[in-house]
Structures are given as C-alpha cells and as structure tokens.
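Fold and geometry: a report
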Amino acid sequence: MRDIAERASVSVNTVSRALNDKAEISEETKARIRAIAEELHYAPNIHARALASGDSKTLGLIVADSANPFYGKLIRGVEDTASAHGYGVILCNTSEDRARESAAHQMLREKRVDGMLVTGILTGLSPLLRLAQENIPFVLLNRYLQEIDADCVLNDNRLGAYEATAHLCVLGHRRIVHLTGPKEISSVRERLAGYRQALEEYDIPFDPELVLRCNLKLEGGCRQARTAILVLSPRPTAVFAYSDLLAIGVLKALSELGLRVPQDIALVGYDDIEFAPFVEPPLTTVAQLVYEIGQKGTEILLEKNQLAARGGMDAAASGIRTRVADPSFQRWSTFS
C-alpha cells in the first residue's frame, strides 16, 4: 500500500479508503489507485484484515470423504452460496478419520474463519463445544449429535430408509441385508431405524445377522456383500445399502459371484449420486437434494454470523434454532 501511495502521490490512508470503496474518495482517484494496484499485483493481507476487523470473509467446510460423489454436490452448494455473498471457503477432507478431523478443526480455528460447516463428527462433542466457547458459529450438515443443541440441515434419513426397505418388502423379499457403517454416525442409526420400521410393518422378524457394518467406501461394500452371499444361510434375496457408493461396491461383488440384479438379488442404494443411473443395471435409490443441503446450511451460517456481528446473539448459540430432518430434501427414484 505504501508503494501504491508513493506511485499515486497520495497518503496510505487514501489508498486504503479508495481500495475499500469509501464514499469520500472521488471516483477518478479510486480508478487511478486501482489501476496502480493492479499494475503492482496488489493483494490485501487477509490475515491482517481479519485481525483488525474480526471478519475474514472465509468459511471452513469439513467433509467426511471428498472422494464420495455425495460430498461433491454438497461442496458445490456451499461454495456457490458462499461466493454469492462474498465469502471464500477452505475445504478440509477427513476421510472419516478422527485424527484428521481434529486437525481440521484446529487449522480452521487458526485461520480465523468466520464460521464452520461440519459433516464429520467422529471426534464427538469436544471440538463443537470449543467452537461455542470461542464464539465461532457452526452448522452441522447431514449429521448431528444428540448431546448438543446445534443448527443442522439434513434429510429425513429414517423416512428414506423406510421407503427403500418397504419397496423391497412389497416385492416379496424377506431376507434383506442392510449394509451400513459405524454406529457413531447419526445417519447410520436413523437409516437402521427406518429399515427396522419397514420390517416390522411387513411382519418380517428383525435378524441382527443381516445388518452388516463396513467402512463407507467402495471396497467396504464389495467385501461385505461377498461375505453376505458366501456366508449367510439361507442366502439373502435383497440388499439395502446405506449409500450408493456401497451399493456400487455390492454390484461389483455380485458380478464377480455371477449373480444378476435384480433377477438373482435385489439392490437399493441411497443418495442418488450422479453415477447411479449410469451403472449397469441403473441403481434404485433414495435421492437427497444434496446441493440444497449445502446451500441452506451456508445461508444459516451466514445468518448466524451477521446476527453475531450486530450483537444480536452469540455467534455459536442456536438462536436460529435447530434445523431438523426435512422430507422435502429427498425423493424416491426407482430406475430398476
């Protein structure tokens, strides 16, 4: 800024006010200063500005697995909404790893982000309580913790799982495997509850041996599907997978075992990722409006941040109240 001031023959204060578009500086002076700034490749010191103003114009986004196409849509929803409001986004991928999740929280706090959007909650309550103590607003996306009253945006996982399982029950299946993930994840628990609800309504006894847990990656679905077919007796006739990613892993395992979908075994996924209609056969799946979850979560976070800036509430408090499961954020898609 001193270099710009010297070149423009004005004070550093005038340069600062011109670059911040203050009304007391003439348009001619602003244009001249901006031209010089561009010529000198000037970029503001974001960290210094954040220290001075308490506003970095940056949000943090912690996702559980950026390799999962589900999170690609969510990330776009967050980034598009943040950008429209003049904010940047720092993305942290945890790969469903507790240590990486903890490190992401620490890094984003050190970067002085204005707020955080969090999908990974394997580290539990502690990092969220720390955000609240440090008055950093946050919103949970697609997952939540029962122990904290925090704003969150998610689809109705129980309803979606119920509809998926009921679809299989109506087709006459009684040996339905539910391929799912770690118990710590709220959506895992909710989809299991929906699965059990459908079985109960169709008078099918719940068999815990048919609930198979794995990591939430392609190879996890493939490995456990192979186990289900080779080990369980009598053999299951259908699989309801926690996610489309697991369902695609199931398709690979079934193909290797010489089994066809749906002729030999039925399969239903969850999420309706972009690949769902392009695999063979196309997946029957429960579709979440994932982009809208990221969009709505970002809007809530920015609203919390603005309220805090005006002194209306603590930034981390749930003054906007909890956004709970919204059935409008999902739809039922049957391709096969």
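Residues numbered from 1 in each chain as written. Predicted model: local features only at pLDDT ≥ 70, side-chain atom pairs only at ≥ 80, totals over all residues. Heavy atoms only, no water.

**With respect to the overall build of the protein chain**
Of regular secondary structure, the protein chain possesses twelve helices and eleven strands. Taken over 336 residues, the protein chain has a buried fraction of 49%. Contacts in the protein chain between residues at least 24 apart in sequence constitute 70% of all its contacts with a sequence separation of at least 6. Just so you have it, the protein chain exposes about 15,700 Å², and 50% of that area is on carbon and sulfur atoms. (Helix = DSSP H or I, 4+ residues; strand = E, 2+ residues; numbered from the N terminus. Buried < 20%, exposed > 50% of the residue type's maximum accessible area, 1.4 Å probe, protein only. Contact = heavy atoms within 4.5 Å. Areas by Shrake-Rupley, 256 points an atom, 1.4 Å probe, with all protein chains shown as cover.)

**Here's the deal with the packing of aromatic side chains**
Taken as a whole and assessed by the stated rule, the structure comprises two aromatic pairs. Relative to Phe-206, the ring of Tyr-195 lies with its centre 6.4 Å away and its plane at 75°, an arrangement referred to as edge-to-face. With a gap of eleven residues between them, Tyr-195 in helix H9 (residues 186-201) and Phe-206 in the loop between H9 and strand E7 (211-213) connect regions that are remote in the sequence. Accessibility expressed as a relative area gives 1% for Tyr-195, which makes it buried. Its relative accessible area of 29% is what places Phe-206 among the partly exposed residues. Against the face of Tyr-270 rests Arg-191, its NZ or CZ located 3.7 Å from the ring centre. (Phe/Tyr/Trp six-rings, centres within 6.5 Å; stacked < 30°, edge-to-face > 60°. Lys NZ or Arg CZ within 6 Å of the ring centre and 35° of its normal.)

**Quick word on the sheet that holds strand E5 (residues 152-153)**
Sheet architecture is open: five strands sit in the order E2-E1-E3-E4-E5, paired in parallel fashion. Edge positions in the open sheet fall to strand E2 (88-93) and E5, since each of these has one partner strand only. Sheet topology note: the strand E4 (residues 138-141)/E5 ladder contains two bridges and is parallel. Paired with Leu-140 across the two strands is Cys-152, which belongs to E5. On top of the sheet, helix H6 (residues 98-110) reaches strand E1 (58-63), E2 and strand E3 (115-118); it is set at about 155° to E2, its chief contact. (Pairing = 2+ DSSP bridges. Axes fitted to C-alpha atoms, helices over the stretch in contact; angles between N-to-C directions.)

**Brief notes about the pattern of salt bridges**
All told, the structure shown has 16 salt bridges when counted by the stated rule. Between Glu-24 and Arg-17 there is a salt bridge; the shortest N-O distance is 3.7 Å. Overall, the relative accessible area of 25% leaves Arg-17 in the partly exposed class. When salt bridges that share partners are traced, they join Asp-21, Glu-27, Lys-30 and Arg-34 into one network. (Salt bridge = Lys/Arg side-chain N within 4 Å of Asp/Glu carboxyl O.)

**Some details on the pairing of E1**
By the criterion of burial, E1 is predominantly enclosed, with six of the six residues buried. In the classification by handedness, the crossover that spans E1, the intervening helix H5 (residues 69-84) and the parallel E2 is right-handed. Taken together, the four bridges between E1 and E3 define a ladder with parallel strand orientation. When the bridges of E3 are listed, Leu-59 appears paired with Gly-115. (Right-handed = clockwise from strand over helix to strand, strands pointing away.)

**With respect to the nonpolar core**
In terms of nonpolar packing, the biggest core is built from 68 residues, with Leu-61, Leu-74, Leu-141, Tyr-195, Phe-240, Leu-267 and Leu-283 touching the most fellow members. Per element, the largest residue contribution to this core is seven residues, and it comes from helix H11 (residues 244-256). If near-sequence neighbours (up to four positions away) are discounted, Tyr-195 is found in contact with Ala-161, Tyr-162, Thr-165, Ile-176, Val-177, His-178, Phe-206, Leu-210, Val-211 and Phe-240. If you look at the next biggest cluster of nonpolar residues, it comprises 18 residues, including Ala-104, Val-118, Phe-138 and Cys-152. (Core = buried A, V, L, I, M, F, W, Y, C linked by side-chain atoms within 4.5 Å.)

**Structural notes on unusual backbone geometry**
Residue Pro-262 is bonded to the preceding Val-261 through a cis peptide linkage, with omega at 5°. In the segment running from Glu-280 into Pro-281, the intervening peptide bond is cis, with an omega of 0°. Position of Pro-281 among the secondary structure elements: in the loop between strand E9 (266-271) and strand E10 (284-288). The residue His-41 is not glycine, and still its phi comes out positive at about 55°. On the secondary structure map, His-41 appears in the loop between helix H3 (27-39) and helix H4 (46-53). For Asn-142, which is not glycine, the phi dihedral falls at a positive 70°. Locating Asn-142 in the fold gives a position in the loop between E4 and E5.

**Focus: the confidence of the model for the protein chain**
Chain-level pLDDT for the protein chain is 85 on average; 88% of the residues reach the 70-or-more range. Counted against residues more than four places away or in other chains, residues 313-336, with its pLDDT under 50, gives 96 contacts. (pLDDT = per-residue confidence, 0-100.)

**Here's the deal with the pairing of strand E6 (residues 176-180)**
Strand residues, when the strand is regular, have side chains that alternate between the two faces of the sheet. By the criterion of burial, E6 is predominantly enclosed, with five of the five residues buried. Side-chain alternation along E6 places Ile-176, His-178 and Thr-180 on one buried face and Val-177 and Leu-179 on a second face that is also buried. In the sheet, E6 pairs with strand E8 (residues 238-241) via four bridges, with the strands oriented parallel. Residue pairing for E8: Ile-176 is matched across the bridge by Ala-238. Bridge count between E6 and E7: three bridges; the pairing is parallel. Residue Thr-180 lies in a different strand from E7, and its bridge partner there is Arg-213.

**Examining helix H8 (residues 157-170)**
Here H8 contains 14 residues, and its C-alpha end-to-end distance of 20 Å stays within 8% of the 20 Å for a straight helix at 1.5 Å per residue. Those residues of H8 that sit buried are Asn-157, Gly-160, Ala-161, Tyr-162, Ala-164, Thr-165, Ala-166, Leu-168 and Cys-169. Looking one or two residues beyond H8, the residue adopting positive phi is Gly-172, at roughly 100°. (Expected span 1.5 Å × (residues − 1).)

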